[in-house]
Amino acid sequence: MQIGMVGLGKMGGNMAERLRRGGHDVVGYDRDPAVSDVAGLKELVQRLQAPRVVWVMVPAGAPTQQTVDELGDLLAEGDIIVDGGNSHYVDDQKHAAELGEKGIGFVDCGVSGGVWGLQNGYALMCGGEKAHVDRVMPIFETLKPEGEDGFVHAGDVGAGHFAKMVHNGIEYGMMQAFAEGWELLEASDVVKDVRGSFSSWRTGTVIRSWLLDLMVRALDDDEHLEELKGYAQDSGEGRWTVQAAVDHSVPLPVITAALYARFASRQDDSPAMKVVAALRNQFGGHAVESK
Ligand SMILES: NC(=O)c1ccc[n+]([C@@H]2O[C@H](COP(=O)([O-])OP(=O)(O)OC[C@H]3O[C@@H](n4cnc5c(N)ncnc54)[C@H](O)[C@@H]3O)[C@@H](O)[C@H]2O)c1
Ligand SMILES: O=C(O)[C@H](O)[C@@H](O)[C@H](O)[C@H](O)COP(=O)(O)O
């Protein structure tokens, strides 16, 4: 089928390619003219035959909001927008309501698989009305990995991004567990082959997983990660997961600690630990280190 793809970066570019290989007619738009098929969203919409489907794959927040707003003015009744970026689920409900007034459908679709999706397929978690999801199904079928799993219509609008948010919260916790185990093995002198231990765990163990495969791949490139700084960014999903847990009074100690570990990774010197050092010094005369 025909589809418009907005955002042709690491994700959208590969997804457009996977869709083309699957026989779909993709018209791509990116603000970077070097990768774009059309000059702007207006031309993109003109190039598509009604009823249209436009997939938005730009950074979450302002770029997605701006794109959805602009498409809302250009598209017509019967058309559908799919937001495949890592948007906050609360934004979906607002988008669906605003577009719904114009008869434009909205589907939120959490996408997982990163830069490997072109070859492996993308796991898809979508939310929205069944009729809208059904219309986009040929696209989902081509994007998803082969086999029965890798796709869920998780519920109404927002459910797809809520599922993706929790998926990413789990991702934070799993990565942190691998990271802490690795640090302990590297710090102690008991296990001589840390990379080899991780590699051996890839087969037969309880913790074998794709993240473990990727960890070994990273250690193959740089066995003691000497080239990297211990600094990790976050793009929203982890903090939204923790916020949702607070809203529902659900204890998430692992995911919360993993999020906070990222915050700590960005500090050269911990203000909080200065206070701990100062207080130990105040009450017990314990030694402090000066700058
Ligand atoms: N990288 C991943 O592993 C991954 C996985 C799943 C979901 N996502 C989500 O997918 C979305 C895209 O991520 P990415 O990794 O491809 O990012 P990216 O930075 O590689 O690509 C984003 C693209 O969008 C374009 N763009 C930005 N604003 C635009 C606008 N207003 N109009 C048109 N084009 C615009 C940029 O020029 C760029 O080419 C994000 O929401 C991200 O959170 C990323
Ligand atoms: O499932 C996936 O493919 C990843 O989770 C993907 O969505 C992306 O790599 C995250 O945006 C990283 O999120 P952080 O920047 O919060 O680590």
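Cut-offs used in this document
Residues numbered from 1 in each chain as written. Chains lettered and ligands numbered in written order. Predicted model: local features only at pLDDT ≥ 70, side-chain atom pairs only at ≥ 80, totals over all residues. Heavy atoms only, no water. Helix = DSSP H or I, 4+ residues; strand = E, 2+ residues; numbered from the N terminus. Buried < 20%, exposed > 50% of the residue type's maximum accessible area, 1.4 Å probe, protein only. Areas by Shrake-Rupley, 256 points an atom, 1.4 Å probe, with all protein chains shown as cover. Polar contact = N/O pair within 3.5 Å; in protein donor to acceptor, adjacent residues only side chain to side chain. Contact = heavy atoms within 4.5 Å. Axes fitted to C-alpha atoms, helices over the stretch in contact; angles between N-to-C directions. Parallel < 35°, antiparallel > 145°, perpendicular 65-115°, else oblique. Nonpolar A, V, L, I, M, F, W, Y, C, P; charged D, E, K, R; others polar. Salt bridge = Lys/Arg side-chain N within 4 Å of Asp/Glu carboxyl O. Domains from an automatic or database assignment. Buried area = accessible area lost by both parts, 1.4 Å probe. Near = heavy atom within 4 Å. Lys, Arg positive; Asp, Glu negative; His and termini not counted.

Under an unreviewed UniProt entry, the chain has the name Phosphogluconate dehydrogenase (NAD(+)-dependent, decarboxylating) and belongs to Nonomuraea typhae.

A. Up close: the overall build of the chain. Broken down by element type, the chain carries 12 helices and seven strands. Along the first, second and third principal axes, the C-alpha set of the chain runs to 75 × 45 × 40 Å. Across the 291 residues in the chain, those meeting the buried criterion constitute 40%. Total accessible area on the chain is roughly 16,000 Å²; 54% of this is exposed by carbon and sulfur atoms.

B. Just the side chain of R52, in detail. Relative to the assigned elements, R52 resides in the loop between α2 (41–47) and β3 (53–56). What makes R52 buried here is its relative accessible area of 16%. Only 3.4 Å separates the side chain of R52 from the backbone oxygen of L48, close enough to count as a polar contact. Ignoring any residue separated from it by four or fewer positions in sequence, one finds R52 in contact with V45, L75, A76, D79, I80 and R135.

C. The arrangement of the packing of helix α3 (residues 62–74) against helix α4 (residues 89–100) in detail. Taken N-terminus to C-terminus, the directions of α3 and α4 make an angle of 10°; their axes are 10 Å apart at the nearest point. Between α3 and α4, the interaxial angle falls into the category roughly parallel. Residues Q65, V68, D69 and G72 of α3 pack against K94, H95, E98 and L99 of α4. Of the residues belonging to the contact of α3 with α4, the class tally is two nonpolar, three polar and three charged.

D. Region of the structure containing the pattern of salt bridges. Scanning all chains against the criterion turns up 13 salt bridges. For E17, the salt bridge is made with R21, and the minimal N-O distance between the two is 2.9 Å. On the criterion of helical spacing, the pair formed by E17 and R21 is a turn pair, its members being four residues apart in helix α1 (residues 12–21). Residue classification places E17 among the partly exposed residues on the basis of a relative accessible area of 30%. A salt bridge links R20 to D37; its shortest N-O distance comes to 3.0 Å. Of the two residues, R20 sits in helix α1 while D37 sits in the loop between β2 (25–29) and α2, which places them 17 residues apart along the sequence.

E. Quick look at the domain arrangement of the chain. Assigned domains within the chain: domain 1 (2–156) and domain 2 (165–275). Look at where the C-alpha atoms of domain 1 and domain 2 centre, and you get two points 31 Å apart. At the interface, seven residues of domain 1 touch nine residues of domain 2. Roughly 740 Å² of surface becomes buried between domain 1 and domain 2 when both sides are summed, with 63% attributable to carbon and sulfur atoms.

F. Fine view of the site of ligand 1. Taken together, 19 residues lie around ligand 1, and K10, M11, D30, V58 and V111 are the ones closest in. A distance of 2.8 Å is found between an oxygen atom of ligand 1 and a backbone nitrogen or oxygen belonging to M11. One of the backbone nitrogen or oxygen atoms of A60 is found 3.5 Å away from an oxygen atom of ligand 1. Within the complex, the protein chains bury 78% of what would otherwise be the 830 Å² of accessible surface of ligand 1. Here the shell around ligand 1 is built from residues that sort into 10 nonpolar, six polar and three charged.

G. Summary view of the side chain of R262. Tracing the backbone through its elements, the reader meets R262 in helix α11 (residues 253–265). E171 provides the closest opposite charge to the buried, salt-bridge-free R262, at an N-O distance of 5.4 Å. Within the structure, the side chain of R262 is placed 2.9 Å from the backbone oxygen of Q233, a separation counted as a polar contact. The contact partners of R262, leaving out residues within four places of it in the chain, are Y172, M175, A232, Q233 and D234.

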